[in-house]
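These are the residues of each chain, in order.
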Number of protein chains: 2
Amino acid sequence: MTKILVAFTFVGAVIALVFAALTAKKVMKFSEGTEKMKKIAASIRTGANAYLKRQYTIVSIFFGCMFVILCAMAAFKLLTWFVPFAFITGGFFSGLSGFVGMTIATRANSRTANACRDGLNKGLRCAFSAGSVMGFTVVGLGLLDISVWFFLLNFVFKLPIEEVTSAMLTFSMGASSMALFARVGGGIYTKAADVGADLVGKVEAGIPEDDPRNPAVIADNVGDNVGDVAGMGADLYESYVGSVISSSALGVVAFSTVQAVDGIRAVAIPMAMAAIGIIASIIGSFLVRTSEHAEQKALLKALGRGTNFSAILIAVVTFPLVWFVLGREYIGIYFSILSGLVAGVLIGRATEYFTSDTYKPTRNLAAMSKTGSATIVIGGVGLGMLSTAIPIIVVAICIMAAYGFAGGFGDTANAPNLGLYGIAIAAVGMLSTLGITLATDAYGPVADNAGGIAQMAGLEEDVRERTDALDSLGNTTAATGKGFAIGSAALTALALIASYVKKIPDELIDIRLMNPTVLVGLFIGACLPFVFAALTMNSVGRAAQSVVVEVRRQFKEIKGIMAGTTDPDYAKCVGLCTKASLKEMVMPTLIAIATPIVVGLVLGCNGVIGMLAGSTATGFLLAIFMSNSGGAWDNAKKYIENGNFGGKGSEAHKAAVVGDTVGDPFKDTSGPSINILIKLLSVVSIVFAGLIIKFHIF
Amino acid sequence: MTKILVAFTFVGAVIALVFAALTAKKVMKFSEGTEKMKKIAASIRTGANAYLKRQYTIVSIFFGCMFVILCAMAAFKLLTWFVPFAFITGGFFSGLSGFVGMTIATRANSRTANACRDGLNKGLRCAFSAGSVMGFTVVGLGLLDISVWFFLLNFVFKLPIEEVTSAMLTFSMGASSMALFARVGGGIYTKAADVGADLVGKVEAGIPEDDPRNPAVIADNVGDNVGDVAGMGADLYESYVGSVISSSALGVVAFSTVQAVDGIRAVAIPMAMAAIGIIASIIGSFLVRTSEHAEQKALLKALGRGTNFSAILIAVVTFPLVWFVLGREYIGIYFSILSGLVAGVLIGRATEYFTSDTYKPTRNLAAMSKTGSATIVIGGVGLGMLSTAIPIIVVAICIMAAYGFAGGFGDTANAPNLGLYGIAIAAVGMLSTLGITLATDAYGPVADNAGGIAQMAGLEEDVRERTDALDSLGNTTAATGKGFAIGSAALTALALIASYVKKIPDELIDIRLMNPTVLVGLFIGACLPFVFAALTMNSVGRAAQSVVVEVRRQFKEIKGIMAGTTDPDYAKCVGLCTKASLKEMVMPTLIAIATPIVVGLVLGCNGVIGMLAGSTATGFLLAIFMSNSGGAWDNAKKYIENGNFGGKGSEAHKAAVVGDTVGDPFKDTSGPSINILIKLLSVVSIVFAGLIIKFHIF
C-alpha cells in the first residue's frame, strides 16, 4: 500500500510539472505585442535575470559554507551523512521554483498587456496561466523532491523510518534558508525601487506611476518580478514542503506505538494528500474564466470558483484516503485535515475583510486621510493590530480541533503524539490547494507588470484600465495568499517544535513554563520577529534613499529626461537596487540562522523550545499585523483614486500615498519574511539539536 | 524581628507622606505670577478636576459592581471575605495617588513658569519639588496600605501567612484596575486634545503650539495633567505595590519548607527594602540642583546625581538587611535584588540611547525626514522595533541571574521556589528608587504645562526658552521612567504568574509547552496587547477627530478668534475630550478583566498560564517598541526645531511633525497602558482562580 501511495505521489508531481510545461507553452503562444513593448519587456527580463544570477552566486557561497559545516557535524556523528545533501537539494529546488516562476512571469507581462488590448478575459487568461505555471511548478518540484528522497532513503538505503523523516527535515532547512534569502533580498529590492521611484517621481517631479521618464521605473518593474514572483515562489515552496515533511515526521512518532497501523502509512498520508491537491487544483484551474466587461467582483468570483471547487474536491477525496490507509479508528485525523482547510478559508476571508475596500475597515481608513497623513498612519497601525484577533482565534480553535479530532485528548500515553500529528496535518490540509491559490496569487505581479508596460509603451487608455482591474484584484488575492502562508506557517512551526521536542532525550526536557530557561527563551524568541522586521525595514529605508539620490541626480544631470527626448539611465538604478538589496539581505538571514544555535548553546534545549514558541506566537501576530496594515493602506489609496474623498491629487490622496508608502515594506518585505523566519528557526534548531544536546551552559 | 520590620515599613510610609506634605508646602510658597497666569492656571485646574470627578464616578460604578461580584464569590467560599475590601482599598489609594499628584501639578505649573522668569535653577526646583510630592505620595500611600493591611491580617486577625499574602494580592487587583482606567482614560484625553489641537492649529491654521487662539489649547494642557500626571501616578502606585506584594507572596512559598527561616521574614524583606528606598530617595532628592545657565546635559546630570546616589545607598544598606533577616545562607537573594537594580539602570540607559537626540538613532531618524513623512514613519517603526533587543537581553540576563543567585538552580526540591522569589524581589530592587525616579519623571508634565502657560500668558521669550529646556529634559526622563515601569512590569508579571501556579492544585497543572491548551493560551495571550493597543489607538483617533471638527467649527463660527479679539470657547473642547475619553476608556479595561476569566472557563488553568506568559512577552515588547518609537519621533522633531535639516517650518520639519503625531498615541496612550494590562491580567487570574478550578471546559 505504501509503495502505491509513494508512486501516486511521484505521479502527482510529474503531472503537476507536465501541466506547468503545457501551460507555459500556452502562455508563450500569446503575442508579445509591439516592438516597444518587446524592448521594455526585454529590459525588465535582463534586469531580473541579472539580479537572480548575482543572488544565486551569493547564496551558493552560503550554501557551500553550510555544506562544509554539516559535513563536519556528520563526521563527528552529530548528524547522518544524508543531511548535507538533503540540505543542498532543498535549497536548489526552492531556488529553482523561484527561477522558473520568474522566467515565465517576465515573459507573460508584455503578453498580458497585449492580450488586454483584445479584452479583459484574454488578459486574465494570459496572466492566470502564467500564475499557474508558477503554482504548479512549486508544488510539482516540492512533491518530486519529497517523493524521490523518500524513495531513496526508505526503499534504496532502507533506513529506519525515524531516520528517513529526520533527514528529510534538513532539506526543509535548505528550502527555508533559500526562501529567506529570496524573500528578504527580493522584498528589499522591490520596495527600495518602488519607494524610491514614488518619492522622487510621483511626489517631487509630479509624473505618474510607471512613467518612462522615471529613471527607476524599470527597476520598479524588475522588483515586482524578483520580489513578488521569485521571492514568493521560493517562500511557498518552503511552506509546502515544510508542512508535508513536518507532519510526516510527527506521523512516525504518533504511530510508532500503534500496533495496527504501520508508521510509514502516517508518513504517506500527507504526501498522498498533496498529490490529490495537485489534481484537484488542475481541475479547478479550468474553471477560472470570466465574461468580457466583468467588474472586479466577477473577476474575484472567477478566481474564487476555481479555488472553492478544488477545496471541496480535496475534502471529498481525502475522506476515503484516511479511511483506507489509517483505518476507521483513526478517521478523526480526516477531521483534523478538514479543520486546517476550513481555518485557511476563514483566515483568508478575515484578511479580505480587513484589507479590501468593499468592507468597512478599509473605507473608514480611507476616510481618516481627510485629517492628514498622521491620522491615516495611526489608523492603519490600529487596523493591522486589531486584525490579528480573528486569525488568532481561528488558529486557536483549529489547533484545539485538530488536536482533539486526532485523539490528542484521549487517555492513552500516546494520545498527545496523535494530537500533535493532527495539528501538523491540519497545516497540510490548509496548503493542499496551494497549486491553485498560488496561481491566483502569482498572477498579481504579472498583471502589475503588464500595467507598467502598457503605460511605458503608451498603449490606449482602456488597456491600462483593464490591466488596472486585474492588478487591483491581485492586491486582494495577494493578501489572501499571505493569510494562507502565515496561518500554515504557524501550524507548521508548531509541528516542527513538536518534532524538536521528540529529538531531545527525555531527561533533558523540562518545558514547564516556570522553568526560567523556557521563560527567558520565550522572551528572546518573542523579540526575534520584532528585530527581524526592524532590520528588513531599515534595509528598505537605506536602499530606497540611495535610489532617491540616484534618481534626483539623473533628473538634474541628464538633460531632456523630463521633455522625453533623452532616455534616463535605467540600468544604473537596476544595478543600484541589485547591489543594495543583496548587501542588505545577508545580515537578517545570518541572524535567523545563528540565533537558535547561540540560544541553544547558552540556554540548552528547553531555552530553544521556549524561543521557538515565543517567535512563532509573535511572528504570527506581527506578520498578520504588517501584511494587513500594508494591504489596507494600499487599497485605501486605491479607493480614494477611484474618486472618493476628493480623488486623485486631493489632499486626502496625498495623505493616503504616505500611508501606502509606509505600508510597502510592511506588506512586501518584513511581513512575509517573518513566516519563513519562524520555520527556519525551528528547522535550524532541529538540525543542530545534536550539537546542543552535547554542549550547553544551562 | 518581623514586628520591627513592619513598624519600620510603617514609619517609612509616614516619613514619605510627611516629606511630600512639606515639599507641597514649599511649592505653594512660590508665587503664582501675573493675573493672566493665574487665570489660565485656574482654567486648567478646573478642567482637570472636572475630568477626574467624572472619571472617579464612572470608576466607582465599576468598583461597586466588582465589589458585589467578589462578595458573591466570597459567599460561595471561592474567596475569603477580606478580598472585596482589599480590592476597594487598592483602587482607592491608586486613585488617591493620581489625585494628589494632579492637585499639586495643577498648582505648580504657573508657579514653575513664574519661577523661570527668575532663572532656570529656580524653575527646576519648583517643578522638581512638585514631582517629588507626587513621587513620595505614591510610595508613601503604597507602603501605608501594605503595612496597615499586613498588620491587620497578620497581627490582628492572625490569619496564616499564606492567606495574608493571598488577600493582599487582591488589593493589587484593585490598584491595577484603577490604574488601567486612569492610564487609558487620561492617555486618550491627553492625546486626543494634543493631536486635535495640532492638526487644526499647527497644520491648518499655522499658529504655534500653545497659542491662546487655539480653542483646544486648554484641553491640551488639561490632558498633560490628567494623562501624564494622574494617569502615571495611579500606574506607578500599581507597579510599586504589585512588585512588593508579589514578591511577598512568593517569599512565603519559597521559605515555607525552610526550617531555619520563618516565612514571614521573606515577606518583610521587600517591605523593609521599600522603606529603605524611601529614605534613600529623600536624601537623593536634596542633591538635585543646578547652576544658572545650565545646558540640558547639566540638567540631566543634576537629576542623574540624585537618582544614582539613592541607588547606591539602597545597594549598600540592603546587604546587611538581607544578611541579618534571612541569614548568611540566603545572602544570594541580595544579589538578586542587585540584578534588578542594575537591570533597571541599563534599561533606562538603553531607552535614553534610542530616544535622546544626543545619540545616533534619533539623529538618523531626524535625517530621514529629508525624504518625507513616509520615510520618517518607516524609520521610527524600525527604530522602535529594533530597540526592543537590548531591554529583552537585559531582562533575560536579569531573570537568569536573579533566579540563580537566589538558589533556583540548586538541587533541593524547593530550589525553583527560591529562584522565583529571586525574580520577584529583583522587581522590588528595580523599583526601590521609585520615590526619586518618579519625581524626575512627574516633573516633565509640570514643565510642559509651565511652557504652555508662559506662551499663553505672553511671557518673555527667554522664559519660554527655559521652560522648553526643562520640558525637553522631561521627555528623556519620561522615556527612562517608562523603561523602568515596563522592565519592572515584566518581572512582576512573572512573579504573579508564579503565584498563580502555586494557587492551582498540582494535579490540574500541566504547563508543558506542548500541551495544546498552554499553546493556545500563549497565542491568545500574545495577541491581547496587540488588540489592546489597537483599541486605545483607535479611541485616540476617534476622539481626536471629534476635537478637530469642534476646533474647525469654532474657527469658522466665532469671529475674531484669529485676530485675538475674542476668546475661543475653551470649555467646549475640555468637555468634549472628557466625554470622549471616558466613553472610550471603558471597553479596553473591561476586555482586560473579562479575557482571563473567559480563557480560564474555556481552556482551564493551564490555558490561563499560557495566556499570561504570552501577554507578558509581547506586552513587554510592544510597550517598549511603542514608547521608544514615540519618544524618538518627538525628539527627532525637537532636533530639527533646534535648527537642523532646515529647522522650523522646513519640509523636513513638516515630515517630522507627522512622525511626532503618529508617535503621540504610541508613547502616551497605548505603550504605557500595556504594562498595566499585563499585570492586571495576572491578578485577575489569581483572584478568579477558585472559580476556574471549579468550572472549565478543557
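Residues numbered from 1 in each chain as written. Chains lettered and ligands numbered in written order. Predicted model: local features only at pLDDT ≥ 70, side-chain atom pairs only at ≥ 80, totals over all residues.

Chemist: Describe the overall build of chain A, listing the residues and the values that go with them.
Modeler: Per the secondary structure count, chain A includes 19 helices and zero strands. Taken over C-alpha atoms, the radius of gyration comes to 24 Å for chain A, in line with the 26 Å a tight globule of 698 residues would show. Counting only C-alpha atoms, chain A reaches 75 × 50 × 45 Å along its principal axes. For chain A, buried positions account for 69% of its 698 residues. For chain A, contacts bridging at least 24 residues in sequence account for 85% of all contacts bridging at least 6. (Helix = DSSP H or I, 4+ residues; strand = E, 2+ residues; numbered from the N terminus. Rg over C-alpha atoms; globule rule 2.2 N^0.38 Å. Buried ≥ 20, exposed ≤ 12 C-beta atoms within 10 Å, placed from the backbone. Contact = placed C-beta atoms within 7 Å.)

Chemist: A description of the interface of chain A and chain B should follow, citing residues and the corresponding values.
Modeler: Contacts between chain A and chain B engage 63 residues on the former and 64 residues on the latter. Elements supplying a minimum of two residues to the side of chain A that touches chain B: helix 5 (161-205), helix 11 (373-386), helix 12 (389-405), helix 13 (415-431), helix 15 (461-503), helix 16 (516-557), helix 17 (570-641) and helix 18 (651-687) of chain A. Top contributing element to the side of chain A that touches chain B by residue count: helix 16 of chain A, with 18 residues. Partitioned by chemical class, the residues of the side of chain A that touches chain B number 47 nonpolar, 15 polar and one charged. (Nonpolar A, V, L, I, M, F, W, Y, C, P; charged D, E, K, R; others polar.)

Chemist: Run through helix 12 (residues 389-405) of chain B, naming residues and quoting values.
Modeler: Side chains three or four residues apart in an α-helix point the same way, a direct result of the helix having 3.6 residues per turn. All names here are of chain B. The end-to-end C-alpha distance of helix 12, which contains 17 residues, comes to 24 Å, matching closely the 24 Å that a straight helix rising 1.5 Å per residue would cover. By the criterion of burial, helix 12 is predominantly enclosed, with twelve of the 17 residues buried. The complete set of buried residues in helix 12 reads Pro-391, Ile-392, Val-394, Val-395, Ala-396, Cys-398, Ile-399, Met-400, Ala-401, Ala-402, Tyr-403 and Phe-405. Gly-407 sits one or two residues past helix 12 and shows a positive phi near 105°. (Expected span 1.5 Å × (residues − 1).)

Chemist: Describe the relation of the copies chain A and chain B, and please don't skip the residues or the numbers.
Modeler: The operation relating the two chain copies consists of a rotation about an axis and a shift along that axis. The two copies are related by a screw motion: chain A maps onto chain B through a turn of 180° and a shift of 0.1 Å along the axis, at an RMSD of 0.1 Å. Between the two chains, the operation in question is that of a two-fold axis. Relative to the rotation axis, the C-alpha of Arg512(A) is the closest in chain A, positioned 2.1 Å from it. (Least-squares fit on C-alpha atoms with pLDDT ≥ 70 in both.)

Chemist: Describe helix 1 (residues 2-29) of chain B, naming the residues involved and giving the relevant values.
Modeler: End to end, helix 1 of chain B covers 41 Å across 28 residues, agreeing with the expected 40 Å (1.5 Å per residue, within 8%). The set of residues buried in helix 1 of chain B consists of Leu5(B), Val6(B), Thr9(B), Gly12(B), Ala13(B), Ala16(B), Phe19(B), Ala20(B), Thr23(B), Ala24(B) and Val27(B).

Chemist: An account of the environment of Ala266(A) is needed here, citing residue identities and associated values.
Modeler: As for its position among the elements, Ala266(A) is in helix 7 (residues 263-285). The residues touching Ala266(A), leaving out its near neighbours within four places in the chain, are Gly251(A), Val252(A), Ala254(A), Phe255(A), Val261(A) and Tyr421(A).

Chemist: Got a sec to walk through the packing of helix 5 (residues 161-205) of chain B against helix 6 (residues 217-255) of chain B? Specific residues and values, please.
Modeler: All names here are of chain B. Contact pair helix 5 / helix 6: the axes reach a minimum separation of 7 Å and the direction vectors enclose 160°. Taken together, helix 5 and helix 6 sit at an angle that is classed as roughly antiparallel. You can see that helix 5 and helix 6 cross each other, and the crossing is left-handed. Each residue belonging to the contact of helix 5 with helix 6 can be placed in one class, and the counts come to 20 nonpolar, eleven polar and eight charged. (Axes fitted to C-alpha atoms, helices over the stretch in contact; angles between N-to-C directions. Parallel < 35°, antiparallel > 145°, perpendicular 65-115°, else oblique. Left-handed = near helix turned anticlockwise from the far one by under 90°.)

Chemist: Lay out the environment of Met611(A) in plain terms, naming residues and giving numbers.
Modeler: Within the element layout of this structure, Met611(A) appears in helix 17. The sequence separation of Met611(A) and Ala74(A) amounts to 537 residues, and the corresponding C-alpha distance is 26 Å.

Chemist: Tell me what's going on with unusual backbone geometry, and back it up with residues and numbers.
Modeler: A positive phi is found at Phe645(A), a non-glycine position, where the angle reads about 50°. Of note, Phe645(A) is situated in the loop between helix 17 and helix 18. Residues other than glycine seldom take positive phi values, yet Lys158(B) does so here, at roughly 50°. Tracing the sequence through the fold places Lys158(B) in the loop between helix 4 (120-156) and helix 5. Residue class for Lys158(B) comes out exposed when judged on the 8 C-beta atoms lying within 10 Å of it.

Chemist: With reference to specific residues and values, describe the packing of helix 10 (residues 360-368) of chain A against helix 17 of chain A.
Modeler: All names here are of chain A. Between helix 10 and helix 17, the shortest axis-to-axis distance is 9 Å and the interhelical angle comes to 65°. With respect to each other, helix 10 and helix 17 are oriented roughly perpendicular. Here helix 10 runs over helix 17; the crossing is right-handed. Facing helix 10, whose interface residues are Pro-361, Thr-362, Arg-363, Leu-365 and Ala-366, helix 17 presents Ala-632, Asn-635, Ala-636, Tyr-639 and Ile-640.

Chemist: Could you give me a rundown of the confidence of the model for chain A, with the residues and numbers involved?
Modeler: Across chain A, pLDDT averages 90, with 99% of residues at or above 70. The complex model carries a pTM of 0.94, and its ipTM stands at 0.93. (pLDDT = per-residue confidence, 0-100.)

Chemist: Quick rundown of the environment of Ala636(B)? Include the residues and the values.
Modeler: Mapped onto the secondary structure, Ala636(B) falls in helix 17 (residues 570-641). A sequence separation of 17 residues divides Ala636(B) from His653(B), and the C-alpha atoms of the two residues are 9.3 Å apart.

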